[in-house]
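Spelled out, the chains give:
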Amino acid sequence: MSITRPCAIALLAAAAAVAQSTTVNVQIGNQTDTSLGLQGRLQQAMSTSFQLASYSDQFFTGAPGPAQLTGQLTALDPWHTRTQVTGDGIPLTAPDTWDFTALNTMLTPIQGAGDHSPEFQIATAPAYMSNSQGYILPADIPAFAQMSANLVRYYNAGGFTDAGQHYQSPTPYPVTWWGIFNEPDFNGVTASEYVTLYNTVVPEMAKADPSIKFLAVELGGNAESLDPNGDSYLPTIVAGVTAPVDVLAKHFYSTCNQATYDQSVFSSIPAFASEVQSIYGMLAKNPKLANVPVWITENNVNADYDKGNGISACNAPAKFVLDKRGSSPFFAAWRSLVFQQLGEAGVQALYQWGFGTDEQYGEVGSPTGGPPYTVQLSYWVDYYLSHWLPSPPGQDILQTTISGCCATNEANGWAGSPFTFDTQTMAARNVDGSVVILMSNYALAPVTASPANGNSTINFDDNGVGTTRTFAVDVSALGAFTSATLVTLDASTPLPGGPVPQSVTPAAQMQVTLPGYGMALLRLSNARPNLPAPNVRNAASYASGAVAPGEIVALYGTALGPSTPVGLQLTNPLLVSNALAGVHVLFDGVPAPLTYVSPTQVNAVVPYEVAGHSNTTLQVEYLGALSAPVSLPVAAAAPGLFTAAASGTGPGAILNNIDYSLNTSANPVPRGDYVDIYLTGAGATTPASVDGLLVTPPYPLLPANSVTVTLGGVPCTNIAYAGASPYLISGLTQVTVQVPQGVTPGPTVPVAVTIGGLSAQSGVTLAVK
C-alpha cells in the first residue's frame, strides 16, 4: 500500500500520539456472559493432526522416533488426535489386495499416545476407485463403503478376511471416531454426491461396529459456497443426509499466500467465528442435526504448500515460500485469538494442522520438514491452552470490558480492521472457582515511512514482531485469591523446553506486559493439588510404599479434583479414560487410567510403563495446576486383597464361583468348591496388559507358579485361574482356587496370597462350611 508524503506524515503524527499509552484496561466481571460460547460456556477441546501417507512416514521412522513422539504427543493432551489417511496411506491398493504395513507404522504410535482414541479420517478413495484427477468415481461409492466397513472390522471387530487372507490390527485399541472424506468441496465431490457417499458409507461402517461415531463433511471452503451444480454446499448436505452425524467438521486457514500482511491474517479470524455461527444456524434447520457440535479439524495460518518442484499449490507458477508465522511469536498471538473467537462462537474442538512437519505447520518440526524434529513455540501455545483451559469440563466465560489502548485505525496499520482494539482478553472460571485470563497481543509494530521516488511508503509487517501492550487487569469483582500464576508465550519463550510458569502476587489490580506479538495466561486460584507421598496407597489394602505396574491406587490429598465426585468414564466401549473432569494423574508423565476423582481422593491405575523402573515420579494435575512431584519406589508386585467393606481387613470381596454370589457368613463356600479372589498390584502379565483396557480374550495371565494361596493355613493346590479379571479394567486381578478339604470350616477363615513371593495384607477372611 503506497501513500503520498503528506498523508504519511499525518498518519505518523497520529500514530505517535496514540503511542504515548500502551496500556489496555481490562475489567473482569463476576457474571457469566451467556451471549458467548454455549450459553456462556467455553467447551473447546484442543487437539492436533497427522497426515498418514508415504511422504510423511519419515516422522515415524526417523528422529525423534516413536518413543519420543508418543511422549510429546501425550504431554500435549490432544482430544481424539486426527489422523488423515490419504493417498498411498489407504491400505486397499487393488480389489481384494490390502497392505497395512505403512499404515501400521504410522498409526500404531499415535494410538499408543494421548487418549488412545484418534479420529481416523478416510480422506480419499484408493487410486483404482478414482479418476485421473484423484476424485472418487460415483459408481465406486458402494465399493468405497465396503472398504470403509472393513477398516472398522480391522480395528474394532477382530479383523476381516478378504480373498482368503485375514487382516487384523496389531494394536489393542479400537477406533471410535471416523471422518468421512476430506474437503469434498475441494476434491471433486458435489454436495449431492457427498450426500450419496455419506448415506451409503456410514450405514455399512455402523454394521461392522454400531458404537462408532462419525465426523461429516470436513469442508475446506465456505460452508455456503456453490458446487459445480450451483448447489449451496452445506445446506444441501444438511437437507439430504439421513445417516447419523455426530460432529460437523470444518477447516479454517487465514491465508494461502506467505506474502499476506500480518494485519490481513489477523483480520481473517472474526470471519471464522461468523461462519461457525452460520453453520449452527444451518444445522438447526434439520431437527436430527440441531444438537450436532462443530469441530474445526484443521487450523493454521497458511494453507499453501509445495506441490512439487518448489511450486506453490495456491499461487502457481510462483515459487512456494515457507511461512514461518506457523511457529513464530506471531502464532502465539494468532492462535490465542482464534481460540477465543471460535470458543466464544461455540466451537467444541480446535485442531492444529499438524503435529510434526515444518516451521509453517508443525508443533514439532524442522526447517526442512524432515528429521530431526524439535518442539516449536506452537507446541507450547497449544499445550497451555489445552491444560489451563481444559474441555471437558470447560469453563464459564465471564463478562469482560476493555478500554484505553489501543483502537485499531489506519494510523497503527489497521485500515478496515474488524477489531475495535489491537488486543483481546477472555476470562473463564473453572468449576473449582479458579479463573484463567487469556490475553492476546496482536498489536502491529509502529508504521514507518521511507522516501522512495519522492513519496513515502507505509510498510506493513509480514511475520513482524508486533509492539508492546500492557494489560491492566481489574479482578476486584471476583473476590480475593491466594495464588496467581502467569505464563507468557512470545519471542522470549525458551525453546525447545518451553516457558516456566511464574508465581506472582495476586491483587485486585494486576498488570501483564507483552513486549510484542504473543499471548499470556494468568491463573488465579485459592488452592493447588496437594498430595503427600505417604498418602499414595493400594486401593485394596490401603498399604503405602512401593507401587507396581497395573496397581489400582488411591491418592489422598486436597484440591485433587472436582467438588462433586465423578466415577470412571469410557473413552470408547473398551477403554477407561485417562482424563476425568479435568484431572490427570501422571506417572513419569504417562497419564494413568482414572476410576474415581474428588477433592480429597483420586483412584488411578499405575501405568504398566513403570515396569522395570526402580522408582517413578507421580503428579496430580487438576485444571492445569500440578501437585509437587512425589517419588515412589517401584516393585514387580504389590498385592492387595479387596475386602467387602472396602476397609482392607475383614471379609474379602470374594465370590463363590458356582453362582458368582458374594461370599459371606450367611453364604459360605463348601469345601471342595471354588472361589474367586480379587486383588490388585499383581504386576506384569502375559500377554501384556494395556493401560485402561477392559479385559477381553485372550486374557492376560500371571506368570506360571507365581501365585500361592492358603486358606486357614492350608495351601490351595488347585489354582484354576490367575490373571486379569475378564471384562473389567486391566489391573484388577482374579485368582480362582479350590477350597481344600482340609480347611477347618468357619466364618472367618484367614486368606493369604502371595504374588512372586510378595505377600498381600493379612486380616482378610473367607466363610467356609
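Everything discussed here concerns the structure shown above.
Cut-offs used in this document
Residues numbered from 1 in each chain as written. Predicted model: local features only at pLDDT ≥ 70, side-chain atom pairs only at ≥ 80, totals over all residues. Heavy atoms only, no water. Phe/Tyr/Trp six-rings, centres within 6.5 Å; stacked < 30°, edge-to-face > 60°. Helix = DSSP H or I, 4+ residues; strand = E, 2+ residues; numbered from the N terminus. Buried < 20%, exposed > 50% of the residue type's maximum accessible area, 1.4 Å probe, protein only. Disulfide = S-S within 2.5 Å. Axes fitted to C-alpha atoms, helices over the stretch in contact; angles between N-to-C directions. Left-handed = near helix turned anticlockwise from the far one by under 90°. Contact = heavy atoms within 4.5 Å. Nonpolar A, V, L, I, M, F, W, Y, C, P; charged D, E, K, R; others polar. Salt bridge = Lys/Arg side-chain N within 4 Å of Asp/Glu carboxyl O.

Draft legend 1. Summary view of the packing of aromatic side chains. One pass over the full model with this rule turns up 40 aromatic pairs. When the centroid spacing of 3.7 Å and the interplanar angle of 5° are considered together, the rings of Phe100 and Tyr154 count as stacked. Here the residue Phe100 occupies a position in the loop between strand 8 (97-98) and helix 4 (101-111), and Tyr154 occupies one in helix 5 (residues 141-156), the gap between them amounting to 54 residues. For the pair Phe100 and Tyr154, one class covers both residues: buried. With a centroid separation of 5.2 Å and 65° between ring planes, the pair formed by Trp380 and Tyr383 is classed as edge-to-face.

Draft legend 2. The arrangement of the state of the cysteines in detail. Enumeration according to the criterion identifies two disulfides in this entry. Disulfide partner of Cys256: Cys314, at an S-S distance of 1.7 Å. Note that Cys256 is positioned in the loop between strand 14 (247-255) and helix 8 (262-267) and Cys314 in the loop between strand 15 (294-302) and helix 10 (329-344), a separation of 58 residues in sequence. Across the protein, the disulfide pattern expressed with sequentially numbered bonded cysteines is 1-2, 3-4.

Draft legend 3. Structural context of the packing of helix 6 (residues 191-208) against helix 7 (residues 233-240). For the pair helix 6 and helix 7, interaxial distance at closest approach is 9 Å and the crossing angle is 35°. Between helix 6 and helix 7 lies a crossing of right-handed hand. Along its contact with helix 6, which presents Ala191, Ser192, Tyr194, Val195 and Asn199, the element helix 7 presents Tyr233, Thr236, Ile237 and Gly240. For the contact of helix 6 with helix 7, a count of residues per class yields five nonpolar, four polar and no charged.

Draft legend 4. How the structure looks around the pattern of salt bridges. Applying the stated rule across the entire model yields twelve salt bridges. One salt bridge in this structure joins Asp323 and Arg325, with 2.9 Å as the shortest N-O distance. For the pair Asp323 and Arg325, a shared accessibility class is recorded, and that class is buried. Residues participating in the shared-partner salt-bridge network are Arg82, Glu119, Glu218 and Glu298.

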